[in-house]
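Each chain, written out:
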Amino acid sequence: ASLSFDVDLGSSGSGGDASLGLEALPFGSVLDGTESRVAQTVVVTTRNLPDGTLVDVTLNGVTRTVAVSGGRASATFTGAEMSALSDQTSHTVTAAVSGGGSDAPVPASLSFDV
């Protein structure tokens, strides 16, 4: 079994600068014991980033590099990686354009407790 949560990097559209943002996680601000034992998929949506753009999604020191396609990309963290998150602490998931650069959008992050 797996659960999903979204990382919103804006909505697809034309015009304007690329930007990054995050939506609330479906489990709220606390990941419980059941949710921490199954794979979690982070869905990245983009605004003004072309298909093929690489995005790094990082959680607890583990980074998945995923390609944007149709304004979306997804990164899955295994149940073992999720269960490795320390209890009673705050954790942060971060999404950033791979390689950064001066014209890359500011990375977005969202913290949650376990």
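Thresholds applied
- Residues numbered from 1 in each chain as written.
- Predicted model: local features only at pLDDT ≥ 70, side-chain atom pairs only at ≥ 80, totals over all residues.
- Heavy atoms only, no water.
- Helix = DSSP H or I, 4+ residues; strand = E, 2+ residues; numbered from the N terminus.
- Buried < 20%, exposed > 50% of the residue type's maximum accessible area, 1.4 Å probe, protein only.
- Contact = heavy atoms within 4.5 Å.
- Areas by Shrake-Rupley, 256 points an atom, 1.4 Å probe, with all protein chains shown as cover.
- Core = buried A, V, L, I, M, F, W, Y, C linked by side-chain atoms within 4.5 Å.
- pLDDT = per-residue confidence, 0-100.
- Pairing = 2+ DSSP bridges.
- Axes fitted to C-alpha atoms, helices over the stretch in contact; angles between N-to-C directions.

Another aspect to go through is the overall build of the protein chain. In terms of helices and strands, the protein chain carries one helix and seven strands. For the protein chain, the N- to C-terminal ordering of α and β elements is β-β-β-β-β-α-β-β. Within the protein chain, buried positions represent 39% of all 114 residues. Considering only contacts within the protein chain whose residues lie at least 6 apart along the sequence, 62% involve residues at least 24 apart. Summed over its atoms, the accessible surface of the protein chain is roughly 5700 Å², and 47% of this surface lies on carbon and sulfur atoms.

Next up on the list: the nonpolar core. In this structure, Val-55, Val-57, Leu-59, Phe-77 and Leu-85 are the most contacted members of the largest nonpolar core, which totals 17 residues. Put simply, the parts of the chain that give this core at least two residues each are strand S2 (39-46), strand S3 (54-59), strand S5 (72-77) and strand S6 (90-97). The residues touching Leu-85, leaving out its near neighbours within four places in the chain, are Leu-31, Leu-59, Asn-60, His-91, Phe-112 and Val-114.

With that settled, the discussion passes to the confidence of the model for the protein chain. Averaged over every residue, the pLDDT of the protein chain is 80; residues scoring 70 or more account for 79%. The least confident element of the protein chain is strand S1 (residues 2-9), whose mean pLDDT is 50; the most confident is strand S4 (residues 62-67), at 95. Here residues 8-13 scores under 50 on pLDDT; set against residues more than four positions off or in separate chains, the count is 28 contacts.

Here the focus is the sheet that holds S6. Across the sheet, four strands lie side by side as S4-S3-S6-S7; this open sheet has antiparallel pairing. Strands with a single pairing partner mark the edges of an open sheet, and in this sheet they are S4 and strand S7 (108-113). Averaged over all neighbouring strand pairs, the angle between strand axes comes to 15°, with direction disregarded. Here five bridges tie S3 to S6, and the two strands are oriented antiparallel to one another. Bridging from a neighbouring strand, Leu-59 pairs with Val-93 of S6.

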